[in-house]
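Below, each chain spelled out in residue letters.
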Amino acid sequence: GDSVTQTEGLVTVTEGLPVKLNCTYQTTYLTIAFFWYVQYLNEAPQVLLRSSTDNKRTEHQGFHATLHKSSSSFHLQKSSAQLSDSALYYCALRSYQGGSAKLIFGEGTKLTVSS
Amino acid sequence: EAAVTQSPRNKVAVTGGKVTLSCNQTNNHNNMYWYRQDTGHGLRLIHYSYGAGSTEKGDIPDGYKASRPSQENFSLILELATPSQTSVYFCASGLRDWETLYFGSGTRLTVL
């Protein structure tokens, strides 16, 4: 079945340095969309990025991600991490085919940015 | 701005007791969802609904029931709570099938 894999459970980075959170997927559906959700401490998850176009860079709040169907990936990156970026990040795959849709979340990656 | 409100924020229940978690949304979204969040498992779908009067089973429905009496309200019911149901529960709403979800702030449930 479909799956989403976030390989790192915890990522620690120093403020000002680049950060990359990995997300790969497996699906048999042809129509897909990808999301990154962010959850700050004691808050609700909220959408950070969305993309459904292959090889197109999507940006928001300094983060960017590019859907690469050839490698089944949608990694999240930022060139300069900030202390305020510390949070739990979820990658999610929305697949749609023949009137049926579903959403699958990865296990989440906790990002800690230190000074 | 999307608004999804959950109550209570925290709940302590005893094993075998009945627990009802409530969710209200003012977005006029057709779709509503219940997830539980556990370390190492991420967000897992329990039940969802496409509108008033409808409920569907998600990926982990065992031990849970859901009720959608109106467009605005979606409840999660644990008839016989067990310690394994200790978790953080999130309600969400969405306008179209599995598109952007708007989450509530969560309910932390502890079953002793």
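Residues numbered from 1 in each chain as written. Chains lettered and ligands numbered in written order. Predicted model: local features only at pLDDT ≥ 70, side-chain atom pairs only at ≥ 80, totals over all residues. Heavy atoms only, no water.

What to know about the overall build of chain B
And step 1. Within chain B, the secondary structure is distributed over zero helices and 11 strands.
And step 2. Here chain B has a C-alpha radius of gyration of 13 Å; the compact-globule value for 112 residues is 13 Å, and the two agree.
And step 3. Structurally, chain B occupies a C-alpha span of about 35 × 30 × 25 Å along its principal axes.
And step 4. Residues classed as buried in chain B amount to 52% of the 112 residues present.
And step 5. Looking at chain B alone, contacts between residues at least 24 apart form 56% of all its contacts between residues at least 6 apart.
And step 6. Charged side chains of chain B number 10 positive and 9 negative; the gap between the two group centres comes to 8 Å. (Helix = DSSP H or I, 4+ residues; strand = E, 2+ residues; numbered from the N terminus. Rg over C-alpha atoms; globule rule 2.2 N^0.38 Å. Buried < 20%, exposed > 50% of the residue type's maximum accessible area, 1.4 Å probe, protein only. Contact = heavy atoms within 4.5 Å. Lys, Arg positive; Asp, Glu negative; His and termini not counted. Charge placed at Lys NZ, Arg CZ, Asp CG, Glu CD.)

Some points on the pairing of strand β8 (residues 73-78) of chain B
All names here are of chain B.
And step 1. Extensive coverage of β8 is indicated by the burial of five of its six residues.
And step 2. Summarising the sheet, strand β3 (residues 19-25) and β8 pair through six bridges and their orientation is antiparallel. Counted as the bridge partner of T20 is I77 from β8.
And step 3. Pairing between strand β7 (residues 65-67) and β8: three bridges, direction antiparallel. Paired with A66 across the two strands is L76, which belongs to β8.
And step 4. The antiparallel pairing of β7 with β8 creates a hairpin that spans five residues between the two strands. (Pairing = 2+ DSSP bridges.)

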